[in-house]
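These are the residues of each chain, in order.
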Amino acid sequence: MSKLSRRQVIATGLVATAGASGLVVAAKLAGRYGLVPPDSGGIYGPGETLTYAAQRLLTRHSQAREFSRSQISDKPLANEVAPLGDEFQRHQKAGFADWRLNVDGMVARPTSFSVAELKSFPRRSHITMIQCEEGWSYIAEWTGVPLSYVLDLVGAAPQATHVVYRSIQPDWWESVDMADALHPQTLLAHGMNGGELRVGFGGPLRMRVTRQLGYKSLKYVTSLTVTNNIKQFGKGLGSAEPEGGYAWFAGI
Amino acid sequence: MAETPQPRHLLFVRVTHWLTTIAFLALLVTGLEIVVSHPRFYWGETGNVNTEPLFKIPIPASRNLVPTGYGYVLPDQNGWSRHLHFQSAWLLILTGLLYVGAGLLRGYFRRELFPTRSDLSATQLMGAIAEHLRFKRPSAEEAWSYNVLQRLAYLLIIFVGFPLIIWTGLAMSPSFVSAVPAAVNLLGGQQSARTLHFFLTGALVLFLVVHIFMVILAGFWSRVRAMISGRAVELTEGGRIGAREERV
């Protein structure tokens, strides 16, 4: 063995050792700083964890792109939804007067809000793009109350790590980490393009998460739960989507 | 100890070559599977079934939202396809970093990939092109280094093709572009990024086809063996493969 290759063998060994211990340290740090997604198990766990950790390090405070009024799509697309049940039809007939948003979990004051109350809160609008994981997209102006405002109002605990939200449609539920829950663009949306949020687009109340794909912007929201133990919900994967084979983090 | 022959391909080149192969094939299959859920392409920021596409691929779709003209909908495979696509993208990126890092350390690009000044003279280039057009089987010496067209093609794929397909892929991520909006703005919009990503896939597949064709022309098994074990020579008489020490 030549002198050069011996040196290379030693260098390679050192690099490999450093790499392996680096990975262990990285995994520990990732866990501590909330860089591991709830669906980090299974064969696609490494990819999901790398994606979520990298995106969170890069995007904790970044804002989704906002567009000019002239860029609003004239033909937004109301994606198909599973048939809305009897309960929804009753609410729709009553003009959603009795629609409630129940907030519980790690909050000082569990509260139930009507849509009228939510509409009376300070509102924010933004013109942002919604993208479906299938590949299509549109731009619209969304109006609603920032989720962070509602979380403040109910006194969400500072130890909370996630907010779970549920649709009136059975088995449809989602969650986001606090980076998205407290993000200024994250809205409980009740208006779209200057008017009411129509049923096809999630009315009367839709979560609007601007930095993730459309399935995080859950339609027909009826309840929120603030938690620091996301694993206790459903099958412990963070939301309904991973139970159906999709990623919990939908930022890509 | 007997003189150790230099392997045709360095260990890091061989390892990263096959890791890239695995990642690329997984990305290709899952990427096409994702396209099946919406086989329409647009230009600009937005596009959906209510807007005019730039072009459509005449295949059935895996979602009944898309009017394809076919009376049926293919099974939805997006869940695992998206998972495997991004996991393979990580494999590709990490492999690429290893390749570029090791290549720089070893002076590999300067020695093996950058064409020499004389290579790039018009006569040399014309000669190389003419030889390729005649599908001339490369000479024995050529098994030990890349000719000028190979060098240019590999440089183009490694330093232009792959970076562009990674860029256009990232430009589709709503989260990534919230931190780096220029990544999508420079491409003319999110749907433009998606369309460019698709075209670049076509370019990389074209490279793959030509690459495999050239390997077959040069002698498929000897070249594949050289990329696996590092040995470029034919099997010794009797087919015995001598144990050889390899440089790392």
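S.K.: How should I be thinking about the packing of aromatic side chains in this particular structure?
M.R.: Centre-to-centre distance and the angle between the planes together describe a pair of aromatic rings. All names here are of chain B. In the structure shown here, the tally under the stated rule is 29 aromatic pairs over all chains. When the ring of Phe 12 is compared with that of Tyr 108, the centres are 5.4 Å apart and the planes differ by 80 degrees; the resulting orientation is edge-to-face. Here Tyr 108 lies in helix H3 (residues 108-113) and Phe 12 lies in helix H1 (residues 11-36), a separation of 96 residues in the sequence. Classification of Tyr 108 by relative accessible area gives buried; the value is 4%. Ring centres 5.0 Å apart and planes at 15 degrees place the aromatic pair Phe 41 and Phe 55 in the stacked group. Here Phe 55 lies in strand E2 (residues 55-56) and Phe 41 lies in strand E1 (residues 40-41), a separation of 14 residues in the sequence. Overall, Phe 55 belongs to the partly exposed group, its relative accessible area being 24%.

S.K.: Explain the sheet that holds strand E1 (residues 100-105) of chain A to me, please; I cannot follow it from the model alone.
M.R.: Residues and elements named next belong to chain A. Pairing is mixed across the open sheet formed by five strands, whose spatial order is E2-E1-E10-E5-E6. Single-partner strands in this sheet number two, and they are strand E2 (111-114) and strand E6 (173-177). Strand-to-strand twist in this sheet, taken as the mean axis angle between neighbours without regard to direction, amounts to 20 degrees. Across five bridges, the pairing between strand E5 (residues 162-167) and E6 is antiparallel. In the strand pairing of E6, His 162 is matched with Asp 177. Relative to E2, helix H5 (residues 147-154) is tilted by about 135 degrees, and along the sheet it contacts E1, E2, E5 and strand E10 (221-227).

S.K.: Would you take a moment to explain the packing of helix H2 (residues 78-106) of chain B against helix H5 (residues 148-170) of chain B for this structure?
M.R.: In a pair of packed helices, the angle between the axes and the distance between the axes together describe the arrangement. Residues and elements named next belong to chain B. Packing of H2 against H5 brings their axes to within 12 Å, and their N-to-C directions diverge by 150 degrees. Taken together, the axis directions place H2 and H5 in an arrangement best described as roughly antiparallel. Crossing geometry of H2 relative to H5 is assigned as left-handed. Where H2 approaches H5, its residues Leu 92, Ile 93, Tyr 99 and Val 100 are matched on the opposing element by Ile 158, Phe 159, Phe 162 and Ile 166. The class makeup of the residues in the contact of H2 with H5 is eight nonpolar, no polar and no charged.

Rules used throughout
Residues numbered from 1 in each chain as written. Chains lettered and ligands numbered in written order. Predicted model: local features only at pLDDT ≥ 70, side-chain atom pairs only at ≥ 80, totals over all residues. Heavy atoms only, no water. Phe/Tyr/Trp six-rings, centres within 6.5 Å; stacked < 30°, edge-to-face > 60°. Helix = DSSP H or I, 4+ residues; strand = E, 2+ residues; numbered from the N terminus. Buried < 20%, exposed > 50% of the residue type's maximum accessible area, 1.4 Å probe, protein only. Pairing = 2+ DSSP bridges. Axes fitted to C-alpha atoms, helices over the stretch in contact; angles between N-to-C directions. Contact = heavy atoms within 4.5 Å. Parallel < 35°, antiparallel > 145°, perpendicular 65-115°, else oblique. Left-handed = near helix turned anticlockwise from the far one by under 90°. Nonpolar A, V, L, I, M, F, W, Y, C, P; charged D, E, K, R; others polar.

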